[in-house]
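Fold and contact review
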Amino acid sequence: MERLIVDTQGSRLRKEGGRLLVRRDGETLDSVPLASLNQVILMGRGVSASTPLLYDLVRRGVDVVYQSQRGRFGFRLVGPVSKHSALRSQQVLVAADAGRALSLARAIVGGKLHNQGVVLRHYGRELGQQGQRALGTIRQQMSRAEQASTLDSLRGHEGSGAAAYFATWPALFDAERWGFRGRAYHPPPDPTNAMLSFGYTLLLNDAIGALYRIGLDPTIGFYHTIDYGRPSLGLDLEEEFRPVLVDRLVLRLLRQGAVQPSDFQRAEGGSGIVMSDDARQLFLRCYEEQLGVKVRYHTLDLNLSYRQCIDKQAEHVARCILGQDEAYEPLLIL
């Protein structure tokens, strides 16, 4: 096991010897070797952990993340980062260099658009002419993105490609039944968007964790605007993985009938749609399975899991920053 997610409210995590115990009402729900972990995610205010356990996890370099049951990021515990000062200093210099930052950003957008096209081609027969038009738009925006001279124009090409991509989704499931009218968030207005937002949050946590492990600052990115509290580099690294890890999963759950509209309800205060406990558990299990799927990793010519690919891409970003790799190559799925 590499990651432990605990969302059962009332649970308390503690350390016993070399193991992490999850207990609730005097019952042990789980027991995991500490040495096997690289991330622990605690979901909801009803999940807590003892100080000795947290100290041990941070000392071991395990990423500890607190987030809400809806998947909204709360905070994370991070150990000393001073050992990576040279890499982080160079990261700031690259982010301030408009030319180098734009070069990295172009590759990030190109990777996302390519992988969105791969998802659409999988459903080519069902989408018909609509799918072909969307693929044409995505290819066009990829070509324009390669030539973009500013970050603003690059964001425009990414946005146009994404609009064409999500415009095809209603043909892939009963969009009327699910209330899906396109990608929307903050807060998600329908179950499909609720699953997308939840999945993207899980993926962002994975990207941030990988960046921390390699020694990069997740808040200093190249494509997403640097702003107070925004994990810009985490969002950058996430982009190429969104279509193949989250979008594919959401479409599969919808098309297979694994979830139903009754598995979702409006959040307290009317702020968007949230998943039921059972639906959230199902999504978490399926997401973990998706992370374990192996694909060909381009620069090493090896079959690696998506989880390993995220780590490898974080290392690749670091090498690009240090000038050890000439250009960033996103993970392009075939």
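The structure we're discussing is the one just above.
A quick note: this is a predicted structure, and the numbers were derived from the prediction, not measured.

With respect to the sheet that holds strand S6 (residues 48-49)
With mixed pairing, four strands are arranged side by side in an open sheet as S4-S3-S2-S6. Taken across any chain shown, the strands that pair with only one partner, and hence form the sheet edges, are strand S4 (27-33) and S6. Bridge count between strand S2 (residues 12-16) and S6: two bridges; the pairing is parallel. The residue of S6 that forms the bridge with Leu-13 is Ala-49.

Overview of the packing of helix H3 (residues 98-122) against helix H5 (residues 151-167)
Following both chains from N to C, one finds H3 and H5 inclined at 5°, their axes separated by 10 Å at the closest point. Our classification of the angle between H3 and H5 gives roughly parallel. In this structure, H3 contributes Leu-102, Ala-105, Arg-106, Val-109, Lys-112, Leu-113, Gln-116, Val-119 and Leu-120 to the contact, and H5 contributes Leu-151, Leu-154, Glu-158, Gly-161, Ala-162 and Tyr-165. When the residues that make up the contact of H3 with H5 are grouped by side-chain class, the tally is 10 nonpolar, two polar and three charged.

Concerning H3
A rise of 1.5 Å per residue sets the reference length of H3, with its 25 residues, at 36 Å; its end C-alpha atoms lie 37 Å apart and thus fit the reference within 8%. Within H3, 18 of the 25 residues are buried, leaving the element largely enclosed by the surrounding structure. Residue Asp-97 occupies the N-cap position of H3, its side-chain oxygen lying 3.1 Å from the main-chain nitrogen of Gly-99.

A few points about the sheet that holds strand S1 (residues 3-6)
Hydrogen bonds between backbone groups are what pair the strands of a sheet, and the pairing can be parallel or antiparallel. Pairing is mixed across the open sheet formed by four strands, whose spatial order is S1-S5-S7-S8. Of all the strands in the sheet, just S1 and strand S8 (73-77) have a single pairing partner and so form its edges. When the angles between neighbouring strand axes are averaged without regard to direction, this sheet yields 15°. Judged from the five bridges that link them, strand S5 (residues 39-43) and strand S7 (residues 63-67) form a sheet pairing that is parallel. Counted as the bridge partner of Leu-42 is Tyr-66 from S7. Across the face of the sheet, helix H10 (residues 277-292) comes into contact with S1 and S5 while running at roughly 170° to S1.

Some thoughts on the packing of aromatic side chains
The geometry of an aromatic ring pair is captured by two quantities: the separation of the ring centres and the angle between the planes. Scanning the model with the defined rule gives eight aromatic pairs in all. Measuring from ring centre to ring centre gives 5.1 Å for Phe-166 and Trp-169, while their planes differ by 50°; the resulting arrangement is tilted. Seen in terms of ring centroids, Trp-169 and Phe-180 are 6.1 Å apart; in terms of plane orientation they differ by 35°. Their pairing is tilted. Remark: Phe-180 occurs in the loop between helix H6 (175-178) and helix H7 (191-214) and Trp-169 occurs in the loop between H5 and H6; sequence separation between them is 11 residues. Of the two residues, Trp-169 and Phe-180, neither departs from the other in class, the shared state being buried.

Quick look at the pairing of S5
Across the five residues of S5, five count as buried, placing the element largely inside the fold. Going residue by residue along S5, you find Gln-39, Ile-41 and Met-43 tucked away on one face and Val-40 and Leu-42 tucked away on the opposite face as well.

Re the packing of helix H2 (residues 85-96) against H3
Across the interface, H2 lies against H3 with an axial gap of 5 Å and an inter-helix angle of 90°. Viewed along their axes, H2 and H3 adopt a mutual orientation that is roughly perpendicular. Seen from H2, the contacting residues are Gln-90, Val-94, Ala-95 and Ala-96; seen from H3, they are Ala-98, Arg-100, Ala-101 and Leu-104. In terms of residue class, the contact of H2 with H3 is made up of six nonpolar, one polar and one charged.

A word on the pattern of salt bridges
By the definition in use, this model includes 21 salt bridges. It is possible to trace a salt-bridge network through shared partners that takes in Lys-112, Glu-158, Glu-238, Glu-239 and Arg-242.

Examining the pairing of strand S12 (residues 302-305)
Relative to S12, strand S11 (residues 294-297) is paired through four bridges, and the arrangement is antiparallel. Bridge assignment links Val-295 to a residue of S12, and that residue is Leu-304. In this antiparallel pair of consecutive strands, S11 and S12, the connection spans four residues, and Asp-301 shows a positive phi of 55°.

Some thoughts on the nonpolar core
Trp-169, Phe-173, Met-195, Phe-241, Phe-283 and Tyr-306 are the most contacted members of the largest nonpolar core, which has 83 residues in total. Sort the elements by how many residues they give to this core and H3 lands first, with 11 residues. Not counting chain neighbours up to four residues away, the residues in contact with Met-195 comprise Val-250, Leu-253, Leu-254, Val-259, Phe-264, Met-275 and Phe-283. Residues Leu-13, Leu-20, Val-47 and Val-64 belong to the second largest nonpolar core, which totals 18 residues.

Conventions and cut-offs
- Residues numbered from 1 in each chain as written.
- Predicted model: local features only at pLDDT ≥ 70, side-chain atom pairs only at ≥ 80, totals over all residues.
- Heavy atoms only, no water.
- Pairing = 2+ DSSP bridges.
- Helix = DSSP H or I, 4+ residues; strand = E, 2+ residues; numbered from the N terminus.
- Axes fitted to C-alpha atoms, helices over the stretch in contact; angles between N-to-C directions.
- Parallel < 35°, antiparallel > 145°, perpendicular 65-115°, else oblique.
- Contact = heavy atoms within 4.5 Å.
- Nonpolar A, V, L, I, M, F, W, Y, C, P; charged D, E, K, R; others polar.
- Expected span 1.5 Å × (residues − 1).
- Buried < 20%, exposed > 50% of the residue type's maximum accessible area, 1.4 Å probe, protein only.
- Polar contact = N/O pair within 3.5 Å; in protein donor to acceptor, adjacent residues only side chain to side chain.
- Phe/Tyr/Trp six-rings, centres within 6.5 Å; stacked < 30°, edge-to-face > 60°.
- Salt bridge = Lys/Arg side-chain N within 4 Å of Asp/Glu carboxyl O.
- Core = buried A, V, L, I, M, F, W, Y, C linked by side-chain atoms within 4.5 Å.

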